[in-house]
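# A structural walkthrough
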Amino acid sequence: MLQKVEVLALCKKIALDYEGWDFTAGAFKDKRLKHTIKLVDPLWSFSPGSALAQPIAGVANKKVDKIYKESVTKTDWTHRVRHKKFFEGYVAGFRIYDLVADDAEARIRKILDEGIELLNKTYDFSSEEALLRSIPFEIEQVSGVKNCIIQGYLGNTEFIRKYYNEEVETEYPKRLDDVKKVMEYLGLE
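Residues numbered from 1 in each chain as written. Predicted model: local features only at pLDDT ≥ 70, side-chain atom pairs only at ≥ 80, totals over all residues. Heavy atoms only, no water.

## Remarks on the packing of aromatic side chains
In the structure shown here, the tally under the stated rule is four aromatic pairs. Where Phe 137 meets Phe 159, the ring centres are 5.2 Å apart and the plane angle is 70°; that geometry is what we call edge-to-face. Here Phe 159 lies in helix H6 (residues 157-164) and Phe 137 lies in the loop between helix H4 (128-134) and helix H5 (141-153), a separation of 22 residues in the sequence. Residue classification places Phe 137 among the exposed positions, given a relative accessible area of 52%. In this structure an aromatic cluster arises from ring pairing among Phe 137, Phe 159 and Tyr 163. Over the ring of Phe 125 we find Lys 38; its NZ or CZ atom is 4.2 Å from the centre of that ring. Above the face of the Tyr 163 ring, Lys 174 is positioned so that its terminal group lies 5.1 Å from the ring centre. (Phe/Tyr/Trp six-rings, centres within 6.5 Å; stacked < 30°, edge-to-face > 60°. Helix = DSSP H or I, 4+ residues; strand = E, 2+ residues; numbered from the N terminus. Buried < 20%, exposed > 50% of the residue type's maximum accessible area, 1.4 Å probe, protein only. Lys NZ or Arg CZ within 6 Å of the ring centre and 35° of its normal.)

## Here's the deal with the layout of surface pockets
Here the largest pocket is characterised by a volume of approximately 190 Å³. If you go around the largest pocket, you meet 14 residues; those closest to its centre are Trp 77, Thr 78, His 79, Ser 143 and Lys 146. When residues of the lining of the largest pocket are traced back to their parent elements, those giving at least two are strand S7 (79-81) and H5. Take the lining of the largest pocket: its biggest share by element is five residues, from H5. Looking at the lining of the largest pocket, its residues break down into five nonpolar, five polar and four charged. One number sums up the size of the second largest pocket: a volume of about 160 Å³. Ala 25, Ala 27, Lys 29, Lys 31, Ile 37, Leu 39, Asp 41, Ala 60, Asp 76 and Trp 77 together form the lining of the second largest pocket. In terms of residues, the lining of the second largest pocket owes the most to one element, strand S3 (residues 36-41), which gives three residues. Class assignment for the residues of the lining of the second largest pocket results in six nonpolar, no polar and four charged. (1 Å grid on protein atoms, 1.4 Å probe; cavity = no way out; pocket = protein on both sides within 12 Å on 5 of 7 lines; lining within 4 Å. Points joined across faces, edges and corners; volume = space filled by probe spheres on them. Nonpolar A, V, L, I, M, F, W, Y, C, P; charged D, E, K, R; others polar.)

## What about helix H7 (residues 176-185)?
Where H7 is concerned, the buried positions are Asp 178, Val 179, Val 182 and Met 183. Taken end-on, H7 shows its buried residues confined to a sector of 140°, consistent with a single buried face. Here the buried face of H7 lies against helix H2 (62-71), H5 and H6. One or two residues past the end of H7 sits Gly 187, with phi positive at roughly 75°. (Arc of directions from axis to C-beta. Contact = heavy atoms within 4.5 Å.)

The values reported here are purely geometric and, on their own, carry no functional implication.
See below:
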């Protein structure tokens, strides 16, 4: 049976086989782009005798995250995405019980392979602007605040004003206090 320390060590070992990737702070990261970190996080949850993975993939754009951190609060990802492919055959993730290293390694490699594939299908990494334009346009809650920052960076400050002035409808209440802080940070008030 693999223990938490062994699973994390295995993740570090696996990352060495992927050019530009490493495993730090619980996630696989590719820091080769100057403007953005690519992330695949297994979201490990350990309990005695098992490990649960509920993987996500995403990006952390340095400029967007800096604005969010300095105007609102600490942040770690600009955008994240789950894909049903991660969970084929699983209800809410998958458990690793009593596996030998080879079985665990195959499952972890699958997480990283599918995460990289998902990143490349979701985002355009050809330039920073292309990346920000390719981030799915989400307007709910924290994603809405981060989208306001992205739109500001892309020069669409009118969207931020409309969002703040309730001209953009959302299903959930907006985080207007956070949007106001972003507007102040960007000099839009």
